[in-house]
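Structure assessment
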Amino acid sequence: MNALVLMTDFGLRDRFVASMKGVALGINPALPIIDLTHEIAPFNIWEASQTLAHTIPYWSPGTVFVAVIDPGVGTKRRSVVALTNNDHLIVTPDNGTLTLVAQEQGIKNVYLIDEAIHRRPGSDSFHTFHGRDVYVYVGALLASGKLRLDDVGKKHIKPLIQLHIPEAEILPDAGLKGIITKIEHPYGNIVTNIPYSWIDALGASVDQKSMLQVRVWHKETPVFAETLGIVKSFGFKSAGTPLLYQDSQGNLGLAINQGDFAKVYGMGSGTDWRIETHQVISGS
């Protein structure tokens, strides 16, 4: 028996998550069920893809993830089970949620869920809650060993739906360019897709107490332009001070020590949020 890990945009205020857990425990009362998060922003497949990809590497092979951010529920969008190169199983709609998993962990095989067979008994007439009626039902069967992966459905040989994620760049004028990929809650830290190691290209480092000019745009509107110091961790700046740091995924991050960077500066995430760093300035 393997762990069943749930990720949704359902929140915890209403009945949805509890209903899913009830279905899973009905299949096996001893099934270990863990919440990854139920606070993905509604319909935000981009955020779901990142959260999933950056969580599954820390779980044992065989763990079953049920990821339900499903604005296309009830339509002809496909339902799949993906087997990663590290032998994790992910039960999810094929709507882009698997984008970063495919890029960062790799996917061995994908199976189309035969919803005519594998769905909660008595749920044929329901079309708006596949998290309960299809995904957690299949996930619980897989995690408890009551359903073999090969019996889920046919292998899916077509390409998975992929989100467009711009790549970070090293600019000719000794700058770095990327996007804001995520806001880390509850702290409001800014996550970028710029590898932290790239600050070497600017001649910058923590040891030199380097400072970088940072600019952020939302679409074409300037949102932020300040010079920030690079530090090892938050406590190396006084409370309330903005800073640059290496986040826990190895990317360049922006934060305020004991503050909320995103809230203070009115920032969001996604491909419309562009960030550049330039001009190494001597620190003191």
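Structure first, text after, so check above.
Structural notes, computed from the coordinates. (Residues numbered from 1 in each chain as written. Predicted model: local features only at pLDDT ≥ 70, side-chain atom pairs only at ≥ 80, totals over all residues. Heavy atoms only, no water.)

When helices and strands are counted, the protein chain shows five helices and 14 strands. Counting only C-alpha atoms and orienting by the principal axes, one finds that the protein chain spans roughly 65 × 40 × 35 Å. Each of the 284 residues in the protein chain was classed as buried or not, and the buried ones make up 51%. A separation of at least 24 residues holds for 67% of the contacts in the protein chain among residues at least 6 apart in sequence. (Helix = DSSP H or I, 4+ residues; strand = E, 2+ residues; numbered from the N terminus. Buried < 20%, exposed > 50% of the residue type's maximum accessible area, 1.4 Å probe, protein only. Contact = heavy atoms within 4.5 Å.)

Here His185 and Pro186 are connected by a cis peptide whose omega angle stands at 10 degrees. For Phe43, which is not glycine, the phi torsion reads 70 degrees and is therefore positive. Checked against the element boundaries, Phe43 lands in the loop between β2 (33-37) and α2 (45-53). Since its relative accessible area comes to 59%, Phe43 is described here as exposed. One non-glycine residue, Asp87, lies in the positive phi region at around 65 degrees. Tracing the backbone through its elements, the reader meets Asp87 in the loop between β4 (79-84) and β5 (89-93).

This part takes up the pattern of salt bridges. Per the counting criterion, the structure on display carries 11 salt bridges. We note a salt bridge from Lys21 to Asp35, for which the minimum N-O separation is 2.8 Å. One end of the pair, Lys21, is in helix α1 (residues 16-27); the other, Asp35, is in strand β2, and 14 residues separate them in sequence. The partly exposed category is assigned to Lys21, whose relative accessible area is 24%. A salt bridge links Glu47 to Lys182; the shortest N-O distance between them is 3.6 Å. Of this pair, Glu47 sits in helix α2 while Lys182 sits in strand β8 (residues 175-184), and the two are 135 residues apart along the sequence. (Salt bridge = Lys/Arg side-chain N within 4 Å of Asp/Glu carboxyl O.)

Strand order in the open sheet formed by six strands is β2-β1-β3-β5-β4-β6, with mixed pairing between adjacent strands. Each edge of the open sheet carries a strand with a single partner, namely β2 and β6 (107-112). Each neighbouring strand pair of the sheet contributes to a mean axis angle of 20 degrees, computed without reference to strand direction. Examined bridge by bridge, strand β1 (residues 4-8) and β2 share four bridges and lie parallel to one another. When the bridges of β2 are listed, Met7 appears paired with Thr37. Lying over the sheet, α1 contacts β1, β2 and β3 (64-68), oriented at roughly 150 degrees with respect to β2. (Pairing = 2+ DSSP bridges. Axes fitted to C-alpha atoms, helices over the stretch in contact; angles between N-to-C directions.)

With 12 residues, α1 ought to run about 16 Å at 1.5 Å a step, and its terminal C-alpha atoms sit 17 Å apart, in line with that. In this structure, the buried side of α1 is in contact with β1, β2, β3 and α4 (130-143). (Expected span 1.5 Å × (residues − 1).)

For an α-helix, 3.6 residues make a turn, and residues three or four places apart therefore share a direction. Along α4, the sharpest kink reaches roughly 35 degrees, centred on Val136. Among the 14 residues in α4, 14 count as buried, and that is most of the element. Backbone geometry just after α4 places Gly145 at a positive phi near 80 degrees. (Bend = angle between axes of the 7 residues up to and from the residue.)

Here the focus is the side chain of Arg132. If you trace the backbone, Arg132 turns up in helix α4. A relative accessible area of 15% means that Arg132 is categorised as buried. There is a polar contact of 2.6 Å between the side chain of Arg132 and the side chain of Asp133. Contacts of Arg132, omitting those with residues within four sequence positions, involve Arg15, Ser19, Met20, Val23, Arg120, Phe126 and Tyr137. (Polar contact = N/O pair within 3.5 Å; in protein donor to acceptor, adjacent residues only side chain to side chain.)

Right, let's talk about the environment of Val206 for a bit. Along the chain, Val206 turns up in the loop between β9 (189-195) and β10 (211-218). Separated by 72 residues in the primary sequence, Val206 and Val134 have C-alpha atoms spaced 49 Å apart.

For a regular strand, the rule is simple: side chains alternate between the two faces of the sheet. Summarising burial for β9: six of the seven residues are buried, a large majority. As judged from the four bridges shared by β8 and β9, these two strands associate in the antiparallel manner. The residue bridging Lys182 from the neighbouring strand is Val191, located in β9. Both β9 and strand β13 (residues 251-256) contribute to a ladder of three bridges, which runs antiparallel. In the strand pairing of β13, Ile190 is matched with Leu254.

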